[in-house]
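Letter by letter, the chains look like this.
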Amino acid sequence: AQKVTQAQTEISVVEKEDVTLDCVYETRDTTYYLFWYKQPPSGELVFLIRRNSFDEQNEISGRYSWNFQKSTSSFNFTITASQVVDSAVYFCALRAGSYQLTFGKGTKLSVIP
Amino acid sequence: ETGVTQTPRHLVMGMTNKKSLKCEQHLGHNAMYWYKQSAKKPLELMFVYSLEERVENNSVPSRFSPECPNSSHLFLHLHTLQPEDSALYLCASSQDFQGAYEQYFGPGTRLTVT
């Protein structure tokens, strides 16, 4: 069975602070994919990144970076110099074995000006 | 341009009503999905369609009835709902349901059952 745990339910930071959102996953499959989505107050989930299990290179995209560590089954997401527009709920998701995405419960990030 | 649109954005219905949710994708994708998002719960996959064929029905009660007339449109027909069905219903599409293609989501329909 697949499982995604986002232990942080809510995080508040002051603008310009760095923040890391944690994601821990469980799967017995050796081939799998990890995703991060952002859900702003408008409702739609916005795709941020996909990472496959064979690629452990960290990724940076502007102020966003992702740290994938198979040894700890983690795929953490860091926002550098946070901005108010980063306020949203962030979901980590896993796809393994089937075509279904298993989502975590999400982390609500509030960036205070 | 928004890739996936959903209407209505908000819906209030009584338990005896019949209503339908509509989703349209403008991305040329072959797969479409319905998800239910309830407070404090992970997103729940309800239905998956690939080229108008249903490929997944995740033990969803029969009071939810999907319809996919073509690869761009997806409906969710609602009948005799319960208050616990109140949630945000999200539609998504992807290039294919197999392979690790990212899914693109619509803004959702906020459903309240009274």
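For the structure itself, consult the block above.
Residues numbered from 1 in each chain as written. Chains lettered and ligands numbered in written order. Predicted model: local features only at pLDDT ≥ 70, side-chain atom pairs only at ≥ 80, totals over all residues. Heavy atoms only, no water.

A.B. asks: Give a detailed account of the packing of aromatic side chains, specifying residues and quantitative values.
C.D. replies: One pass over the full model with this rule turns up 19 aromatic pairs over all chains. With a centroid separation of 5.1 Å and 90° between ring planes, the pair formed by A:Tyr64 and A:Phe77 is classed as edge-to-face. Remark: A:Phe77 occurs in strand 9 (residues 74-79) and A:Tyr64 occurs in strand 8 (residues 64-69); sequence separation between them is 13 residues. Taken individually, A:Tyr64 and A:Phe77 each receive the classification buried, so the pair is uniform in this respect. Taken together, the ring pairs in this structure connect A:Phe35, A:Tyr37, A:Phe47, A:Phe91, A:Phe103, B:Tyr33, B:Tyr35 and B:Phe105 into an aromatic cluster. (Phe/Tyr/Trp six-rings, centres within 6.5 Å; stacked < 30°, edge-to-face > 60°. Helix = DSSP H or I, 4+ residues; strand = E, 2+ residues; numbered from the N terminus. Buried < 20%, exposed > 50% of the residue type's maximum accessible area, 1.4 Å probe, protein only.)

A.B. asks: Before we move on, can you summarise the sheet that holds strand 7 (residues 64-70) of chain B with the specific residues and values?
C.D. replies: Each strand in a sheet pairs with another by means of backbone hydrogen bonds, the pair being arranged parallel or else antiparallel. All names here are of chain B. Strand order in the open sheet formed by four strands is 1-3-8-7, with antiparallel pairing between adjacent strands. Strand pairing shows two members of the sheet lacking a second neighbour, strand 1 (4-7) and strand 7, which therefore form its edges. Neighbour-to-neighbour, the strand axes of this sheet turn through a mean angle of 20°, independent of strand direction. With four bridges connecting them, strand 1 and strand 3 (residues 18-25) associate as antiparallel partners. The partner of Gln-6 across the bridge, within strand 3, is Cys-23. (Pairing = 2+ DSSP bridges. Axes fitted to C-alpha atoms, helices over the stretch in contact; angles between N-to-C directions.)

A.B. asks: Describe the layout of surface pockets, with residues and values.
C.D. replies: Approximately 670 Å³ is the volume found for the largest pocket. Contributing elements (two or more residues each) for the lining of the largest pocket: strand 10 (88-96) of chain A together with strand 9 (87-94) of chain B. Tallying contributions element by element places strand 10 of chain A first for the lining of the largest pocket, with three residues. Across the lining of the largest pocket, the residue classes tally to nine nonpolar, 11 polar and seven charged. (1 Å grid on protein atoms, 1.4 Å probe; cavity = no way out; pocket = protein on both sides within 12 Å on 5 of 7 lines; lining within 4 Å. Points joined across faces, edges and corners; volume = space filled by probe spheres on them. Nonpolar A, V, L, I, M, F, W, Y, C, P; charged D, E, K, R; others polar.)

A.B. asks: If you had to explain the pattern of salt bridges to someone new, which residues and values would you point to?
C.D. replies: Side chains that differ in charge, positive against negative, can pair when their charged atoms come close. All names here are of chain A. On inspection of all chains with the given rule, the structure shows five salt bridges over all chains. Note that Asp-55 and Arg-51 form a salt bridge whose closest N and O atoms lie 2.9 Å from each other. The exposure class assigned to Asp-55 is partly exposed, which follows from its relative accessible area of 27%. Arg-51 is the partner of Glu-59 in a salt bridge, and the nearest nitrogen-oxygen pair spans 2.3 Å. (Salt bridge = Lys/Arg side-chain N within 4 Å of Asp/Glu carboxyl O.)

By themselves these figures say nothing about function.
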